[in-house]
Amino acid sequence: YTIHLHKLLQKIQFKKRAGRAIREIRKFAARAMTTKDIRIDTKLNKFVWSNGVRNVPTRVRIRLSRKRNEDEEAKEKMFTLVQHVPVESFKNLQTETVKDE
């Protein structure tokens, strides 16, 4: 997926932008994958924060994967792992769904 962070962060004060961007990515992943437990990869976090708290990258390309929770006493059966996919350009990209059993 490609998330257009710029339009989600309009009218957000500067010192809250990068944190809000991470929250928006979480919200997007929860909606797309229907899981409450969202885990954001460190590389994605680094990418969002790469230009500092104020200048969040305009768009971000992510890979969402729904995985089974290993520990038995977890509330949710599944969790979503959100990973960063580095791309040169965001032009003409499509969303690919991969079924993995």
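Residues numbered from 1 in each chain as written. Predicted model: local features only at pLDDT ≥ 70, side-chain atom pairs only at ≥ 80, totals over all residues. Heavy atoms only, no water.

**Q** Lay out the sheet that holds strand S2 (residues 38–40) in plain terms, naming residues and giving numbers.
**A** Read across the open sheet, the four strands follow the order S1-S3-S4-S2; overall the sheet is mixed. Each of the sheet's edge strands pairs with one partner strand only, and the pair in question is strand S1 (2–4) and S2. Pairwise comparison of adjacent strand axes, ignoring direction, gives a mean angle of 35° for this sheet. (Pairing = 2+ DSSP bridges. Helix = DSSP H or I, 4+ residues; strand = E, 2+ residues; numbered from the N terminus. Axes fitted to C-alpha atoms, helices over the stretch in contact; angles between N-to-C directions.)

**Q** How would you summarise the packing of helix H2 (residues 17–33) against helix H3 (residues 42–49) if you had to cite specific residues and measurements?
**A** One way to put it is that H2 packs onto H3 with a least axis distance of 9 Å and a crossing angle of 140°. Judged by the inter-axis angle, H2 sits oblique to H3. The element H2 and its partner H3 pack so that their crossing is right-handed. Only Leu44, Asn45, Val48 and Trp49 of H3 make contact with H2, whose side of the interface consists of Ala18, Gly19, Ala21, Ile22 and Ile25. For the contact of H2 with H3, the per-class residue count stands at seven nonpolar, two polar and no charged. (Parallel < 35°, antiparallel > 145°, perpendicular 65-115°, else oblique. Left-handed = near helix turned anticlockwise from the far one by under 90°. Contact = heavy atoms within 4.5 Å. Nonpolar A, V, L, I, M, F, W, Y, C, P; charged D, E, K, R; others polar.)

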